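One letter stands for each residue in the lines below.
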Amino acid sequence: MDNNRKGKEHPLSILAEEAYKVFSDMGFEIATGPELESEWYNFDALNVSKDHPARDMQDTFFIKNQKEKVLRTHTTNVTARAIEKAGKEGRLPCAFISIGKVFRNEATDSTHEMQFFQTDGTMVGEDISIADLKGVLTHFYKKMLGDDVQMEFRPSFFPFVEPGLEVWLRFGNKWLEVMGAGMLHPNVLKNLGLDPRKVQGFAFGGGLDRVAIVKWGISDIRFFYQGDLRLNQF
Amino acid sequence: MKISYNWLKWYIPEIPKTEKLADIFNCHLCEVESVEKKTDDIIFDLNILPNRAHDLLSHQGIARELAGQLGIDFKDPTEMYKIPEPGSTNLKIEIKTDKCRRYMGRIVRNVKVGSSPDWVVKHLESIGQRSISNIVDATNIVMYDSGQPCHAFDLDKLEGEKIIIRLAKEGEIMMTLDGKEVKLSSVDMVIADEKNVLAVAGVKGGKIAEVNDNTKNILIEVANFDPVSVRGTSKRLGIITDSSKRFENDLSPELCSYAMREISGLLVEYGGFKFEEVIDVYPGKQEISKLSFSAGKISKILGLNVSVKEIEDILKRYNFKYKNTANKFEITVPPMRLDLTIEEDMAEEIGRILGYDKIKPKIPSIDFKPKENEIYSKIGQARNKLLNEGYSEVMTYAFRDEGEVEVMASASDKKFLRTNLTDRLKESLKLNQLNAPLLEMDEIKIFEIGTVFKKDKEEINVAYGDKKGIKEMSLDEFCKSASPEFLQEKVLPLGDLRQDLIEQKFKMWSIYPFIVRDIAVWVPENVSSKDVEKIIKDNMGELVVRGPRLFDQFKKDGKNSYAFRLVFQSYERTLKDEEVNEIMVKIGHKISENSSWQIR
């Protein structure tokens, strides 16, 4: 193949492929799912109650004349569907990874976009713990950004996990939050047909766009969706 | 929430130095958004997590947390406040809605409205609040100190000495303290007298009973309201206040007693005020809850061996009342800690207090056989095929001016989801054709693989094209139409990571226009294109962002013709034709110095 004539990939595709490789090596199965999702899988199943602020109009795109439908605000809906199915099929323990487009109804600037890419993963088994979560994510970021990447796991809160954590990466002189994570909340396991007395698991989700920022120093995440080939530099 | 170092010091005199404090917050509690150094204080802006807003939107809460984290003394403020000697009261409180869980009221007479003591002004200003008057400041101090919002009404502006907590009548109107008229609905909770609405409960006070310089007698409100109700009203009215933010996160009604004691104590200090008895109506009594957990389960969740002793040590530092029998802990949950309900909550509590850095990462190995994901494989195959054929990949916005699926209340003017990829791809093609010299592509060929949204379904499409036009079809169709060999090509996730990516950095482009110039030269047969290129390079200066790129060459009559393209662009300004012409002339001269070379 003549390399010079080959087209150039979008940077986020490159990152998604690299990320899929890393997670596949660790035994994760790739999951895909709908972008227009039911409120059940996007919110309720994930322990985000009806009156949770995340359901506010300013964050979520609701659909006109389609009650109970939203543009997914994370790809956790996909991994949630996947572990539900795996549970039904008796495929436990299990591990899934899903990278895809997600949507947030918010004003845009150089670090915020209405659409962006999220990497979402989960692993469920008898004794999957935060130590495993840390192992998987440390390996992932080292593979993506090099062995000298500096990471911290800090306390946080998301309705679908307990304990809840955040992953922070050192970027120049600053720390950048790149992922939310934690142990799946027993309510989530129950909602997905699993028995929290028998299994536990971790889940994580974070923007791929931010990895691109850290990895390559891309200054504005809005560049990703302009259809501008000047971005395809790698 | 803005937190003053000096204010914390009241409660925890052994508070560590500020540099250490930011790390403690970040690693054990929540994110520090900023640290602001003032002349004699330091202000931390903490991003309090939603599950701790019950108790941490307050200086006392943060101080208590730090005392537990660090094992240092917490000075209980309760004893600090003098208890007034109250006279009898005629105040009546009637709660007509279950959305009000507790209402404490106290009449204070003979008040003198004026300026606040220095320390009050200082405390408020340190966290960016303005001092208003001694009465209003006292209510604010109590809120930022304990987390409990309080309110003061001018008693003489009330219709009698009776307070009614009820739902508003549909269309009822109230003028807020800042002079804004709000129209209420039948789900909004209000504080009223027999005639008027005095305040929107937990959200905003009304103008009618505003405390001003002439106020002589006041009514102090310390209450607890249903979080969902307050949030709903605050959202509907578009009014967010420090009070509504606290109520909507759910406060413990038990906090009211302390807050009433604190505000009374503050007002006693002003001197000369006459206090009446507190009326306390408390229909939504908070029950005492217990929580059981084991060291074994906590260790299993964290993936860290946590000993019974370590847990006991934490429980003691945090003043949890607990029993430890038969390897089970049972704690009495402090009323303010509404976040602690299940065993996993204690795993978080123990985990974050110990610090998640104590947990050693390990890569799990599980008995699970991943299957191939068909959609993903198809996307990968389609992408590979198009890339191999020279198409470059773009991603465009899912939002359009028109379509079949409409989103509600978008932050953008584009309210519809795309029904095709072609429309955006055309725009992308146009943009990239203009930039073709910068892209160093002879022909722009692009593709996108993405979801489109039809009235009742979404599907993944593939669109690709060039100047001749754009083709679009579903992913399935695309894969069907392709040759069978391409489908057999295994895609991801296989192979090693791309090593070449590690060192690469993104190079931002210039926002100024570029200028393209071509130069073609006849040279003898023995002269290579590299020789010509070198002369151009040595003389083209720093404004060339692409090139010289050899885009054409041929032989004729024992001579070589080489054509190079140069793209000029500045990162600071728009270039002028003349200055580029000058550079080209200079290159031309240099080339002509070789008598056997000729510019075409």
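Just so you know, these numbers come straight off a predicted model, no measurement behind them.

**Student:** When you look at the overall build of chain B in this model, what are you seeing that I'm missing?
**Tutor:** A count of helical and extended segments in chain B gives 19 helices and 28 strands. Counting all 600 residues of chain B, 51% fall into the buried class. Total accessible area on chain B is roughly 29,000 Å²; 49% of this is exposed by carbon and sulfur atoms. Of the side chains in chain B, 91 bear a positive and 99 a negative charge, and the two mean positions are spaced by 1 Å.

**Student:** In this structure, what is going on with the overall build of chain A? I would like to understand it.
**Tutor:** On a plain count of helices and strands, chain A comes out with six helices and nine strands. Seen through its C-alpha atoms, chain A measures out along the principal axes to roughly 55 × 45 × 40 Å. Per-residue burial for chain A yields a buried fraction of 68% across its 234 residues. Summarising the internal contacts of chain A: among those between residues at least 6 apart in sequence, 65% fall at separations of at least 24. Of the roughly 8,100 Å² that chain A leaves accessible, carbon and sulfur atoms contribute 45%.

**Student:** Would you take a moment to explain the sheet that holds strand β3 (residues 42–47) of chain B for this structure?
**Tutor:** Residues and elements named next belong to chain B. Strand order in the open sheet formed by three strands is β1-β3-β2, and the pairing between neighbours is antiparallel. The open sheet has two free edges, formed respectively by β1 (2–4) and β2 (31–37), since each of these has just one partner strand. Neighbour to neighbour, the strand axes of the sheet diverge by 25° on average, direction disregarded. Relative to β3, β1 is paired through three bridges, and the arrangement is antiparallel. Across the sheet, the residue bridging to serine 4 is isoleucine 43, located in β3.

**Student:** What's the story with unusual backbone geometry in this structure? I'm lost.
**Tutor:** Most of the time, phi is negative for any residue but glycine, and the peptide bond is trans. Residue and element names in this part refer to chain A. Here the bond from leucine 92 into proline 93 is cis, since omega is -5°, no more than 30 degrees from zero. Mapped onto the elements, proline 93 comes out in the loop between α3 (76–88) and β4 (94–103). The step from glutamate 162 to proline 163 runs through a cis peptide bond, and the omega angle for that step is -5°. Tracing the chain through its elements places proline 163 in strand β7 (residues 161–171).

**Student:** Sorry, what's going on with the environment of Thr75(A) here?
**Tutor:** All names here are of chain A. Note on placement: threonine 75 falls in the loop between β3 (69–71) and α3. Along the backbone, threonine 75 and glycine 100 are 25 residues apart, and their C-alpha atoms lie at a distance of 6.5 Å. Those residues in contact with threonine 75, other than ones at most four positions away along the chain, are Ser98, Gly100, Val102, Gln118, Thr119 and Asp120.

**Student:** I tried to follow the side chain of Arg52(B) on my own but got confused; where do I start?
**Tutor:** All names here are of chain B. Take arginine 52: it is sitting in the loop between β3 and α3 (53–56). Residue classification places arginine 52 among the buried residues on the basis of a relative accessible area of 6%. A distance of 3.0 Å separates a polar atom in the side chain of arginine 52 from a polar atom in the side chain of glutamate 65. With sequence-adjacent residues up to four places away left out, arginine 52 is seen in contact with Leu29, Leu57, Glu65, Arg337, Asp339, Glu349 and Arg352.

**Student:** Can you walk me through the nonpolar core in this structure?
**Tutor:** Across soluble globular proteins, nonpolar side chains show a tendency to be buried alongside one another. Of all hydrophobic cores here, the largest spans 109 residues; its most connected members are Phe28(A), Tyr141(A), Phe202(A), Phe204(A), Trp216(A) and Ile218(A). Among the elements that line this core, the one with the most residues is helix α4 (residues 130–145) of chain A, at nine residues. In this structure, Cys30(B), Tyr81(B), Ile263(B) and Phe275(B) belong to the second largest nonpolar core, which totals 58 residues.

**Student:** Explanation requested: the interface of chain A and chain B in the structure shown.
**Tutor:** Bring the parts together and some accessible area is lost; that lost area is often taken as the interface size. With 101 residues of chain A at the interface, the matching set in chain B holds 92 residues. Three residues, Pro155(A), Leu229(A) and Arg230(A), lead the burial of chain A against chain B; their summed loss comes to 9% of the area buried on that side. We note a salt bridge from Arg383(B) to Glu17(A), for which the minimum N-O separation is 3.9 Å. Joining chain A to chain B, the criterion identifies 36 residue pairs in polar contact (both at pLDDT 80 or more). The residue makeup of the side of chain A that touches chain B, split by class, is 48 nonpolar, 24 polar and 29 charged.

**Student:** Just to check I follow, could you spell out the environment of Asn560(B) for this structure?
**Tutor:** Residue and element names in this part refer to chain B. Here asparagine 560 shows up in strand β27 (residues 559–568). As a C-alpha pair, asparagine 560 and lysine 38 span 522 residues in sequence and 73 Å in three-dimensional space. Once residues lying within four places of it in the same chain are set aside, the contact partners of asparagine 560 are Val521, Trp522, Val523, Pro524, Glu525, Val527, Phe554 and Lys555. In terms of polar contacts, asparagine 560 uses its side chain to reach the side chain of tyrosine 562, at 3.1 Å.

**Student:** For this particular structure, what's the right way to read the sheet that holds strand β14 (residues 274–281) of chain B?
**Tutor:** Strand pairing in a sheet relies on backbone hydrogen bonds. The paired strands run either parallel or antiparallel. Residues and elements named next belong to chain B. Taken in spatial order, the four strands make up an open sheet running β6-β13-β5-β14, and their pairing is antiparallel. Each of the sheet's edge strands pairs with one partner strand only, and the pair in question is β6 (150–154) and β14. When the angles between neighbouring strand axes are averaged without regard to direction, this sheet yields 20°. Across eight bridges, strand β5 (residues 100–109) lies against strand β13 (residues 218–225) in antiparallel orientation. Pairing of arginine 106 across the sheet is with isoleucine 220, part of β13.

What counts, and where the lines are drawn
Residues numbered from 1 in each chain as written. Chains lettered and ligands numbered in written order. Predicted model: local features only at pLDDT ≥ 70, side-chain atom pairs only at ≥ 80, totals over all residues. Heavy atoms only, no water. Helix = DSSP H or I, 4+ residues; strand = E, 2+ residues; numbered from the N terminus. Buried < 20%, exposed > 50% of the residue type's maximum accessible area, 1.4 Å probe, protein only. Areas by Shrake-Rupley, 256 points an atom, 1.4 Å probe, with all protein chains shown as cover. Lys, Arg positive; Asp, Glu negative; His and termini not counted. Charge placed at Lys NZ, Arg CZ, Asp CG, Glu CD. Contact = heavy atoms within 4.5 Å. Pairing = 2+ DSSP bridges. Axes fitted to C-alpha atoms, helices over the stretch in contact; angles between N-to-C directions. Polar contact = N/O pair within 3.5 Å; in protein donor to acceptor, adjacent residues only side chain to side chain. Core = buried A, V, L, I, M, F, W, Y, C linked by side-chain atoms within 4.5 Å. Buried area = accessible area lost by both parts, 1.4 Å probe. Salt bridge = Lys/Arg side-chain N within 4 Å of Asp/Glu carboxyl O. Nonpolar A, V, L, I, M, F, W, Y, C, P; charged D, E, K, R; others polar.

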